[in-house]
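For reference, the chains in residue letters:
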Amino acid sequence: MPLYFCKKTMKFKYDVLVIGGGHAGCEAATAAANMGADTCLVTMDMNKIGQMSCNPAVGGIAKGQIVREIDALGGYMGLVTDATAIQFRMLNRSKGPAVWSPRAQCDRGKFIWEWRKRLDHTDHLDIFQDQADELLTENGKVLGVRTIWGICLYARTVIVTAGTFLNGLMHIGRRKVEGGRCAEPAVHHFTESITRHGIRSERMKTGTPVRIDRRSVHFDEMEPQPGETDYHQFSFFGPHRQLPQLPCWTCNTNEQVHEVLRSGLADSPLFNGQIQSTGPRYCPSIETKLVTFPDKHSHPLFLEPEGTDTNEMYLNGFSSSMPWEIQLEAIHRIPALRDAKIYRPGYAIEYDYFDPTQLKHSLESKVIDGLFFAGQVNGTTGYEEAGGQGTVAGINAALLCVGKAPFVMNRDESYIGVLIDDLTTKGVDEPYRMFTSRAEYRILLRQDDADARLTEQAYEIGIARRDRYEWWLQKKANINRITDFCNNTSVKPDVVNGLLEQLGTSPIKGAARITDLVARPQVNFKNLSAVVPALKGAIEASPNRQEEIAEAAEIKLKYKGYIDRERVFAEKMHRLEDIKIKGYFDYSRLHDLSTECRQKLERIQPETLAQASRIPGVSPSDINVLLVLMGR
């Protein structure tokens, strides 16, 4: 008997196997494990779990809404962000609450270890440090993976969340180095072990900017950008920010900077033919900005801290793959950065992704049963988009293991639902980034009400814990108590007319309900409470997080008409969602449809008529044809 034989061996058989320890992988692994699935997270480096490969920030326009939805579903990105935030801001405050978006700068190192702590304290979850080399399948079903060390990890479901590592290739000037991230190896062979089954892969590109030593910066020649210190945060459930809050700093490029950058364009891999793949249009490199906007004499830059205990700073707006000498010389032409020392130059990276129209809305492959994809491997960009997909993939992998129906969110339920519907229905021709403009039901998908939309569903399917659910029930009761008070309480003219005139809005002639007063743009709970003590008392009756509850109640009252109107429209669209068409037609024979429509429907195979209506190339007249044929 070999000396290494042991009767008690480590078990390599799981319900859910997650490949990759990035933002999608962490959410997928914890979601599946919290639903009771026996789960294993496979990562190349346990010390870089949840690494913020680019900007050390979470949230932003529409992205912040996604993080709040992850939190409402029982995920961890919001909790980890609040625990490691060093600056917080609510973006779009000058606009309506439908597009308010939270954003936080985080401590990069503490973010990693906060995620590691969450994973280490999750029941039913193992972590294994290794690299997936081959996907194992049998008869069209996933079996697991074989690693580069020849270890076979078996599972009923596999979730691929490999980020930018699949055949990753980094570029700085004319130099190319294989890697999935700076100083980390690329993953070879794994893409090919997937595509041999008929799954299509393509290439995309992203990039990151130079990192600067704060000790070499002339901050007196930059504009400080402080954060906000009010009650807002990401998690509906967790504690408030604890770390010291730090400012960011702003400056601009100038013509001297642009002149230096133009001199290096011949050696830019983006413009000399070295990079052929598509990059993110909404996050262009500094050299792309020069070429795209030749008449602009300056571009804004944001110098952002990477943590409370480091001198490393991130130069947002200066993503580049130019030769490092060009990058450094250009930076030195910015007055505040004339003496800047850098930790490393910016670089571009190309990587494999898989066409997401090959996925069901559950994020399970249409080709291989039990195989799920989430994150940048689906053609998205951003930690938040990845985390949202990971949460859904983890939930659905766990549900599949117990034979339950998949969890799918509609477009009027969440930005995550919009994201996944866009990916699986429309596909991508550039890295997909979420914006509020992508959602047709923005007033229903606010950052303040993600828990109202999702937490009860999350509790029913088993991912949200009991304490999170009970907190939501308590919050809902307090919101309803405040709105009922406002609906049923009137105030007299002598009480509020002084305030109304001061605010520049017309006085009232008789008693008016608080609800009707709050509906005025100039009036809010804060200024009205100053003259109506009973309203202040109703708000302060909430046992905790009073300001958050009051904001939710105020928005519900102030925008009730808009909310109700959008809900009616969404319910009308649900009728098309209820018309199932998958497997009903042989599209190649429907010559009443346009050629493009037939080809798209045949390739994507939408589940419902509503999904078909959102496919580019499918016209309203094509949908009418299908409706007529369904009638037959």
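Conventions and cut-offs
- Residues numbered from 1 in each chain as written.
- Predicted model: local features only at pLDDT ≥ 70, side-chain atom pairs only at ≥ 80, totals over all residues.
- Heavy atoms only, no water.
- UniProt positions renumbered as here; feature names shortened; annotations may be inferred.
- Salt bridge = Lys/Arg side-chain N within 4 Å of Asp/Glu carboxyl O.
- Helix = DSSP H or I, 4+ residues; strand = E, 2+ residues; numbered from the N terminus.
- Buried < 20%, exposed > 50% of the residue type's maximum accessible area, 1.4 Å probe, protein only.
- Pairing = 2+ DSSP bridges.
- Axes fitted to C-alpha atoms, helices over the stretch in contact; angles between N-to-C directions.
- Contact = heavy atoms within 4.5 Å.
- 1 Å grid on protein atoms, 1.4 Å probe; cavity = no way out; pocket = protein on both sides within 12 Å on 5 of 7 lines; lining within 4 Å.
- Points joined across faces, edges and corners; volume = space filled by probe spheres on them.
- Nonpolar A, V, L, I, M, F, W, Y, C, P; charged D, E, K, R; others polar.

Per an unreviewed UniProt entry, the recorded name for the protein chain is tRNA uridine 5-carboxymethylaminomethyl modification enzyme MnmG, and the organism is Prevotella denticola. Annotation of the protein chain in UniProt includes, under Sequence similarities (unreviewed entry), the sentence "Belongs to the MnmG family." UniProt annotates the protein chain under Subunit (unreviewed entry) with the comment "Homodimer. Heterotetramer of two MnmE and two MnmG subunits."

(A) Region of the structure containing the pattern of salt bridges. Evaluation of the coordinates by the stated rule reveals 51 salt bridges. The closest approach of N and O atoms between E114 and K117, which form a salt bridge, is 3.4 Å. Linking E114 with K117, this pair stays in helix α4 (residues 108-120), spanning three residues, or about one helical turn. When its relative accessible area of 11% is taken as the criterion, E114 is described as buried. Look at K117 and you get partly exposed, because its relative accessible area is 42%. In this structure, the salt-bridge partner of E596 is K600, at a minimum N-O distance of 3.4 Å. You can see E596 and its partner K600 sitting in helix α19 (residues 595-604), four residues apart, about one turn around the helix. Taking the relative accessible area as the measure of exposure, E596 reaches 41% and is therefore partly exposed. Connected through salt bridges with shared partners, the residues R411, D421, D422, K426, E440, E577 and R614 form a single ionic network.

(B) Representation of the sheet that holds strand β4 (residues 85-91) in the model. Ordered by their spatial adjacency, three strands build an open sheet running β3-β5-β4, and the pairing between neighbours is antiparallel. In this open sheet, the two edge strands, each paired with only one partner strand, are β3 (57-59) and β4. This sheet shows a mean twist of 15° between the axes of neighbouring strands, independent of strand direction. As defined by bridge partners, β4 adjoins strand β5 (residues 101-106) across six bridges and the pair is classed as antiparallel. Across the sheet, residue A85 finds its bridge partner in β5, namely C106. Against the sheet, helix α2 (residues 63-72) engages β3 and β5, with an angle of about 85° to β5.

(C) Local environment of the UniProt feature "binding site: FAD" (unreviewed entry) in the protein chain. What UniProt calls "binding site: FAD" (unreviewed entry) maps, in this numbering, to G20, G21, G22, H23, A24 and G25. For A24, the location among the structural elements is in helix α1 (residues 23-34). Those residues in contact with A24, other than ones at most four positions away along the chain, are T161, A374, G375, A386, G387 and G390. Positionally, G25 belongs in helix α1. Excluding residues within four positions of it along the chain, G25 makes contact with V18, G20, L41 and T161.

(D) Inspection of unusual backbone geometry at higher detail. A positive phi is found at N167, a non-glycine position, where the angle reads about 50°. With respect to the helices and strands, N167 occurs in the loop between β9 (152-160) and β10 (169-172). Since its relative accessible area comes to 16%, N167 is described here as buried. Positioned with a positive phi, A183 is a non-glycine residue whose angle comes to about 70°. Mapped onto the elements of the fold, A183 is located in the loop between β11 (175-178) and α5 (190-195). Taking relative accessible area as the criterion, A183 reaches 73% and is therefore assigned exposed.

(E) Fine view of empty space enclosed by the protein. Under the criterion given, the structure shown has three cavities of 30 Å³ or more. What lines the largest cavity is simply L359, K360, H361, K366, T424, T425, I604, Q605, P606, E607 and Q611. Across the lining of the largest cavity, the residue classes break down as three nonpolar, five polar and three charged. Put simply, the second largest cavity is a space of about 50 Å³. H361, V392, F407, V408, M409, I416, G417 and I420 are the residues that line the second largest cavity.

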